[in-house]
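Here are the chains, one letter per residue:
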Amino acid sequence: MNDCCHFQDQGGIFIGDNVLIGHNTVLATIDHDLDPQSRQNHYAPIHIGNNVWIGASVVITKGVSIGENAVIAAGAVVTKDVPANTVVGGVPAKIIRQLPVLQMEVVSPQPEGRRLLY
């Protein structure tokens, strides 16, 4: 996590492993009604998967889930879920491209020396 990040976490923030968060990133789990007569708080969690790279000055709004290995371009405003293995950018953020899905060979103690591929 870099400098000057702001996490407004009343709705809950869940961050996976090996996540890179650029400076000035804002994670906001709250918003309000547009109607001034009923301007109440609405909360929803933000979920960030493993191996996500969030560029500088990104804003992620309430209720968003970011899939594993995703990349969020600098300055993006993320208002909808981001699929795994994608690059998104813009205001509002849109998919720019798919990332290749790499298979990692994981050796685990399995009977008869089997190997699992993830």
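Structural notes, computed from the coordinates. Keep in mind the model is a prediction, meaning the values are calculated, not measured.

**Details of the overall build of the protein chain**
- Helices and strands together make up the secondary structure of the protein chain, namely 0 helices and 16 strands.
- Within the protein chain, buried positions represent 30% of all 118 residues.
- Sequence separation of 24 or more characterises 22% of the internal contacts of the protein chain that already satisfy a separation of 6 or more.
- Put simply, the protein chain shows about 7,600 Å² of open surface, and 55% of that area lies on carbon and sulfur atoms.

**Thoughts on unusual backbone geometry**
- With an omega of -5°, the peptide bond running from Val 91 to Pro 92 counts as cis.
- Note on placement: Pro 92 falls in the loop between strand E13 (86-89) and strand E14 (94-98).
- Positive phi, close to 65°, is recorded for Asn 24, a residue that is not glycine.
- Inspection of the secondary structure puts Asn 24 in the loop between strand E3 (20-21) and strand E4 (26-28).

**Concerning the sheet that holds strand E2 (residues 13-15)**
- Within the open sheet, the 3 strands sit side by side as E2-E7-E10. Their pairing is parallel. Whereas interior strands pair on both sides, the edge strands pair on one side only; in this sheet they are E2 and strand E10 (65-66).

**Description of the pairing of E14**
- Burial analysis of E14 places just 0 of its 5 residues in the buried class, which makes it a mostly uncovered element.
- Pairing analysis gives 4 bridges linking E13 to E14, with the strands arranged antiparallel. The residue of E14 that forms the bridge with Val 88 is Ile 95.
- Taking the residues between adjacent antiparallel strands as the criterion, E13 and E14 are bridged by 4 residues, where Gly 90 takes a positive phi near 105°.

**So, the nonpolar core**
- Formed by 18 residues in total, the largest nonpolar core has its most connected members in Ile 48, Ile 54, Ile 60, Ile 66, Ile 72, Val 78 and Val 82.
- Excluding residues within four positions of it along the chain, Ile 54 makes contact with Leu 20, Ile 21, Gly 22, Thr 25, Ile 48, Ile 60 and Ile 72.

**Quick notes on the sheet that holds E13**
- Ordered by their spatial adjacency, 5 strands build an open sheet running E3-E8-E11-E13-E14, and the pairing between neighbours is mixed. Each edge of the open sheet is held by one strand with a lone partner, namely E3 and E14.
- In terms of strand pairing, strand E8 (residues 53-54) meets strand E11 (residues 71-72) through 2 bridges, oriented parallel. In the strand pairing of E11, Ile 54 is matched with Ile 72.

**Some points on the side chain of Thr 86**
- Mapped onto the elements of the fold, Thr 86 is located in strand E13.
- Given the relative accessible area of 0%, Thr 86 is considered buried.
- At a separation of 2.7 Å, a polar atom in the side chain of Thr 86 contacts the main-chain carbonyl oxygen of Pro 83.
- In contact with Thr 86, not counting residues within four places along its chain, are Asn 69, Ala 70, Val 71, Ile 95, Arg 97, Gln 98 and Leu 99.

Here is what the cut-offs are and how they apply
Residues numbered from 1 in each chain as written. Predicted model: local features only at pLDDT ≥ 70, side-chain atom pairs only at ≥ 80, totals over all residues. Heavy atoms only, no water. Helix = DSSP H or I, 4+ residues; strand = E, 2+ residues; numbered from the N terminus. Buried < 20%, exposed > 50% of the residue type's maximum accessible area, 1.4 Å probe, protein only. Contact = heavy atoms within 4.5 Å. Areas by Shrake-Rupley, 256 points an atom, 1.4 Å probe, with all protein chains shown as cover. Pairing = 2+ DSSP bridges. Core = buried A, V, L, I, M, F, W, Y, C linked by side-chain atoms within 4.5 Å. Polar contact = N/O pair within 3.5 Å; in protein donor to acceptor, adjacent residues only side chain to side chain.

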